[in-house]
Amino acid sequence: MTTATDQWTARWVPTQADFDAFAELSGDDNPIHVDAEFSARTRFGRTVSHGMLLYSRLWALLRQRYPEHRHAVQALMFPNPAYAEEELELAFAPGEAGEVAITISRVADGAPVLVGQCRLEAGR
């Protein structure tokens, strides 16, 4: 693993096609994620991302950076919605014993949409 000073970020713009594909793959076709007409009548006003789609994107980036590590555990909170076509910043702060603090925030207003940590272990 790395030291706590090895923080890094990435940017990503999820699309409605991403939401739809994740819904089909996962079976989570809740209309808040895939139905624009339904979502327009909710407090969000539009479709919102699946929380695990957000984490899956984080995990893909972690796997690129640490290909010889496996996922041990994660703890996640989703305090705000992430919307299609809005840019997100994914931030990683590796710490001790394989712990990685992770955050995804909306670039437009800085609101966090995922906050948590995961632990990586050596070996596949």
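Further up the page is the structure itself.
Just so we're clear, the structure is a prediction, and the values are computed from it rather than from any experiment. (Residues numbered from 1 in each chain as written. Predicted model: local features only at pLDDT ≥ 70, side-chain atom pairs only at ≥ 80, totals over all residues. Heavy atoms only, no water.)

(A) Quick look at unusual backbone geometry. For Glu 85, which is not glycine, the phi dihedral falls at a positive 70 degrees. Mapped onto the secondary structure, Glu 85 falls in the loop between strand S2 (69-77) and strand S3 (88-94). Overall, the relative accessible area of 53% leaves Glu 85 in the exposed class. Positive phi is not limited to glycine here, since Ala 97 has a value of about 50 degrees. Inspection of the secondary structure puts Ala 97 in the loop between S3 and strand S4 (99-106). For Ala 97, a relative accessible area of 66% gives the class exposed. (Helix = DSSP H or I, 4+ residues; strand = E, 2+ residues; numbered from the N terminus. Buried < 20%, exposed > 50% of the residue type's maximum accessible area, 1.4 Å probe, protein only.)

(B) Highlighting the pattern of salt bridges. The full count for this structure, using the stated rule, is nine salt bridges. Note that Arg 11 and Glu 87 form a salt bridge whose closest N and O atoms lie 3.5 Å from each other. With Arg 11 in strand S1 (residues 8-12) and Glu 87 in the loop between S2 and S3, this residue pair connects regions lying 76 residues apart in the sequence. A relative accessible area of 48% means that Arg 11 is categorised as partly exposed. Asp 109 is paired through a salt bridge with Arg 106; the nearest N and O atoms lie 2.8 Å apart. A cluster of three or more residues bridged by salt bridges with shared partners is formed by Arg 70, Glu 99, Arg 119 and Glu 121. (Salt bridge = Lys/Arg side-chain N within 4 Å of Asp/Glu carboxyl O.)

(C) Quick look at the side chain of Ser 49. By the secondary structure assignment, Ser 49 is in the loop between helix H3 (36-40) and helix H4 (51-65). For Ser 49, a relative accessible area of 9% gives the class buried. The residues contacting Ser 49, other than those within four sequence positions of it, are Phe 19, His 33, Leu 54 and Ala 82. (Contact = heavy atoms within 4.5 Å.)

(D) Structural view of H4. End to end, H4 covers 22 Å across 15 residues, agreeing with the expected 21 Å (1.5 Å per residue, within 8%). For H4, the full list of buried residues reads Leu 53, Leu 54, Tyr 55, Leu 58, Leu 61 and Leu 62. Those residues of H4 that are buried are in contact with S1, helix H1 (16-26), S2, S3, S4 and strand S5 (112-122). (Expected span 1.5 Å × (residues − 1).)

(E) Focus on the sheet that holds S3. Taking strand neighbours across the sheet as the criterion, the five strands line up as S1-S3-S4-S5-S2 in an open arrangement whose pairing is antiparallel. Here the strands that pair on one side only, and so sit at the sheet edges, are S1 and S2. For this sheet, the mean inter-axis angle between neighbouring strands, taken without regard to orientation, is 20 degrees. As defined by bridge partners, S2 adjoins S5 across eight bridges and the pair is classed as antiparallel. (Pairing = 2+ DSSP bridges. Axes fitted to C-alpha atoms, helices over the stretch in contact; angles between N-to-C directions.)

Nothing here speaks to function; it is all geometry.
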